Amino acid sequence: MTDVDSSLLPEGLEDRLPREAAATTRVMRSLQDVMHGHGYDRVLPPMIEFEKSLAARMAGIQSRRMFRFTDPSSLRMMGLRSDHTPQIGRIAQTRLAEAARPLRLMYAGQVLTIKSDGLDPAREKLQCGAELIGADNVAAATEIVGIAVEALQAAGAKGVSVDFTLPDLVDTLAEKAFPLAAGQIEAVRRELDTKDAGGLRDAGGEAYVPLLYATGDFDTAIEKLAAIDAGGALASRIAALRDIAANLGGAARVTLDPSERHGFEYQSWFGFTLYADGVRGPLGRGGTYRIAGGAAGQGEPATGFSLYPDALIRLIEADEPQEDRLFLPLGHDREAAARLRAIGWRTVAALSADDTAQALGCSHVLDGETPVAA
Ligand SMILES: N[C@@H](Cc1c[nH]c[nH+]1)C(=O)O
């Protein structure tokens, strides 16, 4: 082991230095203020839990993307959370099982994955979101999409747009409208994911090809989707999407990509992805889902979203206001300094006669009881 190893961080992990940490604090606070304001209560699950309980509650959770290890103490398999949503589901179904529904919970913290996602090399990310437990209808989806958009805007995101999707689209259509053999479903999903019309035909999914073109600006794309849906299998979903989009009332641009499944491992009939100007890649996503178990044994309905604000933080970090700092010389009036801190000043006290306002990056100096420009 060389000295270099002890000062390097593993790939995809980073320190946040003061400027970025300050922007992070500001963004996380703005996001949480909005969710809190809409009646969501924060809960703080642990970073690590039994792998089984992280993976078991939501169908499709990819535990292979999770950091896992054997707990030296219990010898049981543990996992580091890669997503808060299953943890919130666990809390809702255990300690808060008796709490009134709908139950509104929010969270903010770090999540980790072994492999980074797409172009973004980060393996540790901030995740902040809200889960509305007990409902997965249009009203719940409208509230959740609206809060997600409002939170991003409050944190400084410009030009927010929302891309709607129907995560269980293929299953719904394959049932009757565009029947597929059990063995074909996976292939059709895969070709839709790569948006490959030729591949889709080869996989026996000719009927699904028009879905590739029902994308883009919501108002036109939803018309195309309605035209494809001759049998009416999607009618209730289409009506619901129209409602959610209308209820958003122009707060964000809305687009549709009905067959988009990337990142929607456990969502059911409704999913959405959030974008903003100047940020490459999504800033968050959400949708409806079911938490396995629950009173009726068929899973409890829920709707929620998760924001990944790191890219937004990097974008607006440069605008982080330079804060004033007040230099406190040796022997300064401590009470005056305390009074100034109480009204919002940040002070930096000299430790020795060698310290100066300039060397410590201070904009002001305490002169008697008054701050004067340095
Ligand atoms: N946790 C999901 C998003 C989500 C929250 N609630 C429902 N879906 C994600 O990070 O992709």
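Located above this text is the structure these notes cover.
Along each chain, residues carry numbers from 1 onward, in the same order as the chain's sequence is written. Local features are withheld for residues below a pLDDT of 70 in this predicted model, meaning they are given only at 70 or higher, and side-chain atom pairs are given and counted only at 80 or more; totals for whole chains, interfaces and linings count all residues. Neither water nor hydrogens contribute to the side-chain values; these are computed over all heavy atoms in the structure.

K.L.:
Break down the site of the ligand for me, citing the residues and quoting the values.
P.N.:
Surrounding the ligand, one finds 15 residues, the nearest of these being Thr85, Tyr266, Gln267, Ser306 and Tyr308. Distance and chemistry together define a polar contact, namely a pair of N or O atoms within 3.5 Å, with one atom able to donate a hydrogen and the other to accept it when in protein, and with adjacent residues in sequence counting only for side-chain atoms on both sides. Contacts to the ligand include Asp83, whose side-chain N or O atom sits 2.9 Å from a nitrogen atom. Within the side chain of Ser306, an N or O atom sits 2.8 Å from a nitrogen atom of the ligand. Residue burial considers only the protein chains on display, and all accessible areas are found by Shrake-Rupley using a 1.4 Å probe. Its free accessible area being 300 Å², the ligand has 97% of it covered by the protein chains. Counting from the N terminus, the helices are the DSSP runs of H or I reaching at least four residues and the strands are the DSSP runs of E reaching at least two. Residue assignment for the shell around the ligand shows that the elements contributing at least two residues are strand 6 (124-133), strand 11 (284-291) and strand 12 (300-307). The biggest single contributor to the shell around the ligand is strand 11, with four residues. When at least one non-hydrogen atom of a residue lies within 4 Å of a molecule or strand, that residue is treated as near it.

K.L.:
Provide a residue-level description of the side chain of Thr142, including the pertinent values.
P.N.:
Within the element layout of this structure, Thr142 appears in helix 5 (residues 138-154). A polar contact of 3.2 Å, which involves the side chain of Thr142, links it to the side chain of Asn247. Contacts between residues were defined by any pair of non-hydrogen atoms, one from each residue, lying within 4.5 Å. Filtering out sequence-adjacent residues up to four positions away, Thr142 remains in contact with Ile244 and Asn247.

K.L.:
Can you lay out the sheet that holds strand 16 (residues 370-373) for me, pointing to particular residues and giving the numbers?
P.N.:
When DSSP locates at least two bridges between a pair of strands, those strands are taken to pair. Ordered by their spatial adjacency, four strands build an open sheet running 14-13-15-16, and the pairing between neighbours is mixed. Each edge of the open sheet is held by one strand with a lone partner, namely strand 14 (347-349) and strand 16. Adjacent strand axes in the sheet meet at a mean angle of 35°, parallel and antiparallel pairs treated alike. In this sheet, strand 16 lies alongside strand 15 (residues 364-367) in antiparallel orientation, the contact comprising four bridges. Note on strand 16: the bridge partner recorded for Val365 is Val372. In this analysis, axes come from line fits to C-alpha atoms, helices being fitted only over the stretch in contact, and the angle between any two N-to-C directions falls in the range 0 to 180 degrees.

K.L.:
Help me get a handle on the sheet that holds strand 2 (residues 48-50), residues and values and all.
P.N.:
One open sheet accounts for three strands, arranged 2-4-3; its pairing is antiparallel. Both edges of this open sheet fall to strand 2 and strand 3 (68-70), since each of them pairs with a single strand only. Averaged over all adjacent pairs, the angle separating strand axes in this sheet is 35°, with direction ignored.

K.L.:
Quick rundown of unusual backbone geometry? Include the residues and the values.
P.N.:
A cis amide bond links Arg101 to the next residue, Pro102, at an omega of -10°. With respect to the helices, strands and loops of the structure, Pro102 is situated in the loop between helix 4 (85-93) and strand 5 (103-112). In this structure, Leu75 takes a positive phi of about 60° despite not being glycine. Locating Leu75 in the fold gives a position in the loop between strand 3 and strand 4 (77-80).

Nothing here speaks to function; it is all geometry.
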